[in-house]
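Spelled out, the chains give:
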Amino acid sequence: MDEAKIIELLDEHGIRPTSNRIMLMMALSKADHPLTMKELEDLVDTIDKSNIFRSLSMFREQHLVHVLQDGADAVRYELCLSHEEDHDEDIHAHFYCERCGQTFCLNDIPVPKISLPEGYRMNTINYLVKGVCPKCQQ
Ligand SMILES: [Zn+2]
Ligand SMILES: [Zn+2]
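Residues numbered from 1 in each chain as written. Chains lettered and ligands numbered in written order. Predicted model: local features only at pLDDT ≥ 70, side-chain atom pairs only at ≥ 80, totals over all residues. Heavy atoms only, no water.

Q: When you look at the overall build of the chain in this model, what are you seeing that I'm missing?
A: When helices and strands are counted, the chain shows five helices and six strands. Taken from the N to the C terminus, the helices and strands of the chain come in the order α-α-β-α-α-β-β-β-β-β-α. Projected onto its principal axes, the C-alpha positions of the chain cover 45 × 40 × 25 Å. For the chain, the residues scored as buried account for 35% of the 138 residues in total. Of the contacts made within the chain by residues no fewer than 6 positions apart, 50% connect residues no fewer than 24 positions apart. Across the chain, the mean location of the 14 positive side-chain charges is 6 Å away from that of the 24 negative side-chain charges. (Helix = DSSP H or I, 4+ residues; strand = E, 2+ residues; numbered from the N terminus. Buried < 20%, exposed > 50% of the residue type's maximum accessible area, 1.4 Å probe, protein only. Contact = heavy atoms within 4.5 Å. Lys, Arg positive; Asp, Glu negative; His and termini not counted. Charge placed at Lys NZ, Arg CZ, Asp CG, Glu CD.)

Q: Honestly, the coordination of the zinc ion (ligand 2) in this entry has me stumped. Any pointers?
A: Around a metal, the idealised angle for a tetrahedral arrangement of four donor atoms is 109.5 degrees; for an octahedral arrangement of six donor atoms it is 90 or 180 degrees. Coordination of the zinc ion (ligand 2) by the protein involves Glu-78 (OE), Glu-78 (OE), His-92 (NE2), His-94 (NE2) and Cys-105 (SG), with metal-donor separations of 2.0 to 2.6 Å. Mapped onto the polypeptide sequence, the residues donating to the zinc ion (ligand 2) form the spacing pattern E-x13-H-x1-H-x10-C. With His-92 in the loop between strand S3 (75–79) and strand S4 (93–97) and Cys-105 in strand S5 (residues 103–106), this pair connects stretches of sequence that are 13 residues apart. (Donors = N, O, S within 2.8 Å, 3.2 Å for Na, K, Ca; no water.)

Q: Can you help me understand the coordination of the zinc ion (ligand 1) in this one?
A: Distances from the zinc ion (ligand 1) to its protein donors, namely Cys-97 (SG), Cys-100 (SG), Cys-133 (SG) and Cys-136 (SG), fall within the range 2.3 Å. Metal-centred angles of 101 to 121° between the four donor atoms at the zinc ion (ligand 1) mark the site as tetrahedral. Expressed as a motif, the donor residue spacing for the zinc ion (ligand 1) is C-x2-C-x32-C-x2-C. Cys-133 gets classed as buried once you look at its relative accessible area, which sits at 3%. Overall, Cys-136 belongs to the partly exposed group, its relative accessible area being 23%. (Tetrahedral: all angles 85-135°; square planar, octahedral: opposite > 155°, others 65-115°.)

Q: Help me understand the pairing of S4, please; the structure alone is not making it clear to me.
A: Where a strand is regular, its side chains alternate between the two sheet faces. Burial runs high along S4: five of the five residues are buried. Residues Ala-93, Phe-95 and Cys-97 point to one face of S4 and His-94 and Tyr-96 to the other, with burial holding for every one of them. Sheet topology note: the S4/S5 ladder contains four bridges and is antiparallel. Within S5, the position partnered with Tyr-96 by the bridge is Thr-103. Remark: five residues form the turn of the hairpin made by S4 and S5, two consecutive strands paired antiparallel; Gly-101 in that turn has positive phi of roughly 75°. Bridge count between S4 and strand S6 (residues 128–131): four bridges; the pairing is parallel. Bridge pairing in S6 places His-94 opposite Leu-128. (Pairing = 2+ DSSP bridges.)

Q: Whenever I open this one, helix H2 (residues 19–30) confuses me. Can you help?
A: It helps to recall that an α-helix has 3.6 residues per turn; residues three or four apart then point in one direction. Across its 12 residues, H2 extends 16 Å between first and last C-alpha, which sits within 8% of the 16 Å expected from 1.5 Å per residue. Within the sequence span of H2, burial applies to Arg-21, Ile-22, Leu-24, Met-25, Ala-27 and Leu-28. Those residues of H2 hidden inside the fold are in contact with helix H1 (3–12), strand S1 (35–36), helix H3 (37–43), helix H4 (49–61), strand S2 (65–69) and S3. (Expected span 1.5 Å × (residues − 1).)

Here you go:
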């Protein structure tokens, strides 16, 4: 994703595109898997930790990122590529490899639809499969 696209995305979500936020978004969009705070900190080492954390909370509130728990209970962030507020089309399953500890996005497999009983409202859903990735099986 280029800078112009990122600025547009931030604008659309009512977030002022400061250089720090753009840098963070850039790091998230380049990653091929959801990132932990630690990984993000290493990628954007010019921004301090509390600033990263505040921006991520803001992105989360504005549905710009997905927040998920990986198989080792670490919180991970990834860019949400759906632009609809109430209907998130970008929900996909994740795979956690118990050998190498990597988390993968399974973008191309369909996820089951959950029908909640009356009175319950869903905010987010996590599909996490644990096992061994192809690389670790070799
Ligand atoms: Zn693995
Ligand atoms: Zn993902």
